Amino acid sequence: MILFKTYVHLRPENGNDMISKEENILFAAEKLFAEKGFDGTSTREISKAANVNISMISYYFGSKEKLYEKLVEYRMNEGQFFSKDIVERTDLNEWQKIEKIIDQFSDKIRTQKCFYRIMQREQLHAENPQIVEFLKQTKMGFLSMYSQILEQGLEKGVFTKNPPIYLLHSTISGTLFYAFNAKDMYKEFLNDTEEESVFDETFYTELNKHIKHLLKDLLGYEENK
């Protein structure tokens, strides 16, 4: 498994927290990579967007390729951290852990639009072997997490069905990513004229409820059991 330096300070795409120079470069690059792709983005454009000297990219990251790898590691680690925290909580039963994972995963897709656009592109056209391996290891980590929750839920009688783990993973990730990619089309089809933020609130609330409804049946969870 690839080992990277881990950042402690985490920040959403549109947050206003104080950030380091490295993070400033990462976030500027993230927006450009989402808009123009890796090959279509130059280090000069990144330095201009980050308002730093172009030499700072080499100083902090070494190259555009290494900067890109660090961005993927940075964002993917956020997902690993929140999921690990949920799994270890003792105040939640296994169904409640599934609900928390759905809510937080959905929120990350909603608030980190640029990064997940990049990831959708990488799923189809990944060429950097380190990123391919890192994405694979991240997915394997989520599969292990779901397996652990499912096994514990079955042992405790929280769940009554034992579906293939890939159905659990694909129902959550697949549904969220497809809906994320198609959101603008749905908004247009519904002739929705509300502000995007207003539409997003309703859209993701209903989407989360839908995924939870599917998983209740998939896992055999009865709320008032």
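All of the points below concern the structure found in this document.

About the criteria used
Residues numbered from 1 in each chain as written. Predicted model: local features only at pLDDT ≥ 70, side-chain atom pairs only at ≥ 80, totals over all residues. Heavy atoms only, no water. Helix = DSSP H or I, 4+ residues; strand = E, 2+ residues; numbered from the N terminus. Rg over C-alpha atoms; globule rule 2.2 N^0.38 Å. Buried < 20%, exposed > 50% of the residue type's maximum accessible area, 1.4 Å probe, protein only. Contact = heavy atoms within 4.5 Å. Areas by Shrake-Rupley, 256 points an atom, 1.4 Å probe, with all protein chains shown as cover. Lys, Arg positive; Asp, Glu negative; His and termini not counted. Charge placed at Lys NZ, Arg CZ, Asp CG, Glu CD. Axes fitted to C-alpha atoms, helices over the stretch in contact; angles between N-to-C directions. Left-handed = near helix turned anticlockwise from the far one by under 90°. Salt bridge = Lys/Arg side-chain N within 4 Å of Asp/Glu carboxyl O. Phe/Tyr/Trp six-rings, centres within 6.5 Å; stacked < 30°, edge-to-face > 60°. Parallel < 35°, antiparallel > 145°, perpendicular 65-115°, else oblique. Nonpolar A, V, L, I, M, F, W, Y, C, P; charged D, E, K, R; others polar. Core = buried A, V, L, I, M, F, W, Y, C linked by side-chain atoms within 4.5 Å. Expected span 1.5 Å × (residues − 1). Bend = angle between axes of the 7 residues up to and from the residue.

### A word on the overall build of the chain
Part 1 of the argument: Summing up its helical and strand segments, the chain has nine helices and zero strands in all.
Part 2 of the argument: Mapped from its N terminus to its C terminus, the chain presents α and β elements in the order α-α-α-α-α-α-α-α-α.
Part 3 of the argument: The C-alpha atoms of the chain give a radius of gyration of 19 Å, which matches the 17 Å a tight globule of 225 residues would have.
Part 4 of the argument: For the chain, the spread of C-alpha atoms along the three principal axes comes to 60 × 45 × 35 Å.
Part 5 of the argument: Residue burial in the chain is summarised as follows: out of 225 residues, 45% are buried.
Part 6 of the argument: When contacts within the chain are restricted to residue pairs at least 6 apart in sequence, long-range pairs at least 24 apart make up 69% of them.
Part 7 of the argument: Accessible surface for the chain amounts to roughly 12700 Å². Of this, 51% is attributable to carbon and sulfur atoms.
Part 8 of the argument: A gap of 3 Å separates the mean positions of the 30 positive and 36 negative side-chain charges of the chain.

### Looking at the packing of helix α7 (residues 129–156) against helix α8 (residues 165–189)
Part 1 of the argument: Contact geometry for α7 and α8: axes closest at 10 Å, N-to-C directions at 115°. Note on packing geometry: the crossing formed by α7 with α8 is right-handed. Two secondary-structure elements touch here, α7 through F142, L143, Y146, S147 and L150 and α8 through I165, L168, H169 and I172.

### Some remarks on the pattern of salt bridges
Part 1 of the argument: Taken as a whole and assessed by the stated rule, the structure comprises 14 salt bridges.
Part 2 of the argument: Between R75 and E30 there is a salt bridge whose closest N-O contact spans 2.9 Å. Of this pair, R75 sits in helix α4 (residues 64–88) while E30 sits in helix α1 (residues 21–36); the two residues are 45 residues apart in sequence, bridging distant segments of the chain. With respect to burial, R75 and E30 carry one shared label: buried.
Part 3 of the argument: Ionic pairing is found between K183 and D200, a salt bridge with its closest N-O pair at 2.9 Å. Taken together, the residues K183 in helix α8 and D200 in helix α9 (residues 196–219) connect sequence positions 17 residues apart.
Part 4 of the argument: Through salt bridges with shared partners, a single ionic network connects K113, K183, D184, E196 and D200.

### So, the packing of aromatic side chains
Part 1 of the argument: For the coordinates displayed, the defined rule picks out 15 aromatic pairs.
Part 2 of the argument: Between the aromatic rings of Y59 and Y60, the centroid separation amounts to 5.0 Å while the plane-to-plane angle is 80°, which identifies the pairing as edge-to-face.
Part 3 of the argument: Exposure remark for Y59: the relative accessible area of 62% places this residue in the exposed category.
Part 4 of the argument: Given the relative accessible area of 27%, Y60 is considered partly exposed.

### Topic: the packing of α1 against helix α6 (residues 113–125)
Part 1 of the argument: At their nearest, the axes of α1 and α6 sit 8 Å apart, and the two run at 50° to each other. Between α1 and α6, the interaxial angle falls into the category oblique. Here the hand of the crossing between α1 and α6 comes out left-handed. Contact residues: α1 offers E30, K31, F33 and A34, while α6 offers C114, F115, R117, I118 and R121.
Part 2 of the argument: The class makeup of the residues in the contact of α1 with α6 is five nonpolar, no polar and four charged.

### Some details on the nonpolar core
Part 1 of the argument: F33, L67, F159, I172 and L215 are the most contacted members of the largest nonpolar core, which totals 58 residues.
Part 2 of the argument: Ranked by the residues each element gives to this core, the list is headed by α4, at nine residues.
Part 3 of the argument: Dropping the residues within four chain positions of it, F33 is found in contact with F38, T41, I46, K64, L67, Y68, L71, I118 and R121.

### Topic: α8
Part 1 of the argument: Spanning 25 residues, α8 covers 34 Å between terminal C-alpha atoms, matching the ideal 36 Å at 1.5 Å per step.
Part 2 of the argument: Where α8 bends most, the angle comes to about 55°, and this point is A182.
Part 3 of the argument: For α8, the set of buried residues is L168, H169, T171, I172, S173, L176, F177, A179, F180, A182, K183 and K187.
Part 4 of the argument: Of the surrounding secondary structure, the elements contacted by the buried residues of α8 are α5 (94–111), α6, α7 and α9.

### Quick notes on the environment of S173
Part 1 of the argument: Residue placement: S173 occurs in helix α8.
Part 2 of the argument: A relative accessible area of 10% means that S173 is categorised as buried.
Part 3 of the argument: Sequence separation between S173 and I211 is 38 residues; the distance between their C-alpha atoms is 9.9 Å.

On their own, these measurements won't tell you what the molecule is for.
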